[in-house]
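Inside the fold
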Amino acid sequence: NPRKTLLDIASRYNQNQAISMVTAHDFITGRMLEKANIDIALVGDSLAMTTLGYKDTNELPFEEFLYHVRSVARGNATSFLVADLPFGTFERLTDQAVDTCVRLVKEGGVQGIKVEGGNPEILPTIRKLNSMGIPIMGHVGLTPQRHNSLGGFKLQGNSVETAAQIYREVRALQEAGVFAIVLECIPNRLAEFITANIQVPTIGIGAGPGVSGQVLVIADMLGMCDPDDSHMAKFVKGYDGFFKRGVEGLKTYKSDLEEKKFPTEEHGYKIKKGIMDELRK
Ligand code: KIV
Ligand code: NA
């Protein structure tokens, strides 16, 4: 299969077919998304926590992020690849953002970039990136890079003022030319209203069913993180218990070794006739 393009995303949107988006953080998860024919693979900065053990996305060094972007790109040849713009790599705006995006496209191998926030300052930068041929995805509502200002990771847009604010941001992002907008952790009815009143796809996460597509963090949906030290948001649906099954497998391996159930003769190689006889002489 050829790599999906913006036209494939637009055509799914125009035909009212759900757009599937999942994060990937390395070669293997990139390949998993390819095998599952996921439309958009997002190399999200959430990999800072799920894969690198940082405490928030703001700690993620750009070079470490880029290393992960490259590994996803090597593993996935068919999804439309989007990378996040990490905290601290674009806020001085146009020049800094252009430099970072060029690296993500040129060295990282992605087709699009996602940027958090719909504040007026970012809009000329989005236009500039569009003019360079870099498709931009917006992200409003709960924008984790601003968690310190937002007072934590919680529902956004649950008052007249904040709902109107999010709607304004979405309209402005559309105006600036984004090809899709992630709506994170906002009330279902607000997401539905936004989706009905703009002409670009909305990709929900914690935004209910009234959106054009959905995104989940692969480590969350497949249960890749240690359940003992990860809290799962209400909006996550679990599709596997990867970490738990992995630990079970390791425990079985360990007891197999202790009970001499592994390896057995058939996990090894036979030697040609006569060699052992020669050696013993
Ligand atoms: O970093 C990430 O995983 C994201 C998605 C949750 C949208 O930004
Ligand atoms: Na992100």
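Residues numbered from 1 in each chain as written. Chains lettered and ligands numbered in written order. Predicted model: local features only at pLDDT ≥ 70, side-chain atom pairs only at ≥ 80, totals over all residues.

Focus on the sheet that holds strand 5 (residues 136-141)
With parallel pairing, eight strands are arranged side by side around a closed barrel as 1-2-3-4-5-6-7-8. Between one strand axis and the next, the sheet turns through 25° on average, direction left out of account. Sheet topology note: the strand 2 (residues 40-43)/strand 3 (residues 80-84) ladder contains four bridges and is parallel. Within strand 3, the residue paired with Leu42 across the bridge is Val82. (Pairing = 2+ DSSP bridges. Helix = DSSP H or I, 4+ residues; strand = E, 2+ residues; numbered from the N terminus. Axes fitted to C-alpha atoms, helices over the stretch in contact; angles between N-to-C directions.)

Structural notes on the environment of Gly133
If you trace the backbone, Gly133 turns up in the loop between helix 6 (123-131) and strand 5. Separated by 21 residues in the primary sequence, Gly133 and Gly112 have C-alpha atoms spaced 9.2 Å apart.

Quick notes on the site of ligand 1
For ligand 1, the full set of nearby residues is Thr23, Leu42, Gly44, Asp45, Ser46, Asp84, Val182, Ile205, Val215 and Val217. Of the residues contributing to the shell around ligand 1, the split by class is five nonpolar, three polar and two charged. (Near = placed C-beta within 6 Å. Nonpolar A, V, L, I, M, F, W, Y, C, P; charged D, E, K, R; others polar.)

Points about the packing of helix 2 (residues 27-35) against helix 4 (residues 62-75)
Where helix 2 meets helix 4, the closest approach of the two axes is 7 Å, and the angle between their N-to-C directions is 40°. Judged on the interaxial angle alone, helix 4 and helix 2 are oblique. Considering only the axes of helix 2 and helix 4, their crossing is right-handed. Mapping the contact onto sequence places Phe27, Ile28, Gly30 and Arg31 in helix 2 and Ser71, Val72, Arg74 and Gly75 in helix 4. (Parallel < 35°, antiparallel > 145°, perpendicular 65-115°, else oblique. Left-handed = near helix turned anticlockwise from the far one by under 90°. Contact = placed C-beta atoms within 7 Å.)

As for the pairing of strand 3
Of all five residues that make up strand 3, five are buried, and the element is covered over most of its length. Going residue by residue along strand 3, you find Phe80, Val82 and Asp84 tucked away on one face and Leu81 and Ala83 tucked away on the opposite face as well. Of the pairings in the sheet, the one linking strand 3 to strand 4 (residues 112-114) comprises three bridges and is parallel in character. The residue of strand 4 that forms the bridge with Val82 is Gly112. Each parallel crossover has a hand, and the one from strand 3 via helix 5 (residues 94-106) to strand 4 is right-handed. (Buried ≥ 20, exposed ≤ 12 C-beta atoms within 10 Å, placed from the backbone. Right-handed = clockwise from strand over helix to strand, strands pointing away.)

Description of the domain arrangement of the protein
How big an interface is tends to be expressed through the accessible area that disappears when the partners come together. Entries for the protein in the domain assignment read domain 1 (6-242) and domain 2 (245-280). Distance between the C-alpha centres of domain 1 and domain 2: 46 Å. (Domains from an automatic or database assignment.)

Some points on the packing of helix 5 against helix 6
It is at 10 Å that the axes of helix 5 and helix 6 come closest, and there the two elements cross at 40°. One way to sum up the angle between helix 5 and helix 6 is to call them oblique. Seen along the crossing, helix 5 lies across helix 6 with a hand that is right-handed. From helix 5, Thr94, Ala97, Val98 and Cys101 reach across to helix 6, where they touch Pro124, Thr125, Lys128 and Leu129. Class assignment for the residues of the contact of helix 5 with helix 6 results in five nonpolar, two polar and one charged.

As for unusual backbone geometry
Residues Phe262 and Pro263 are joined by a peptide bond in cis, for which omega reads -5°. Inspection of the secondary structure puts Pro263 in the loop between helix 11 (242-258) and helix 12 (275-280). Phi is positive for Leu93, which is not a glycine, with a value near 70°. Considering the arrangement of structural elements, one finds Leu93 in the loop between strand 3 and helix 5. Given 13 C-beta atoms within 10 Å, Leu93 falls into the partly exposed group. Unlike most non-glycine residues, Lys260 shows phi in positive territory, near 55°. Residue Lys260 is classed as exposed on the basis of its 8 C-beta neighbours within 10 Å.

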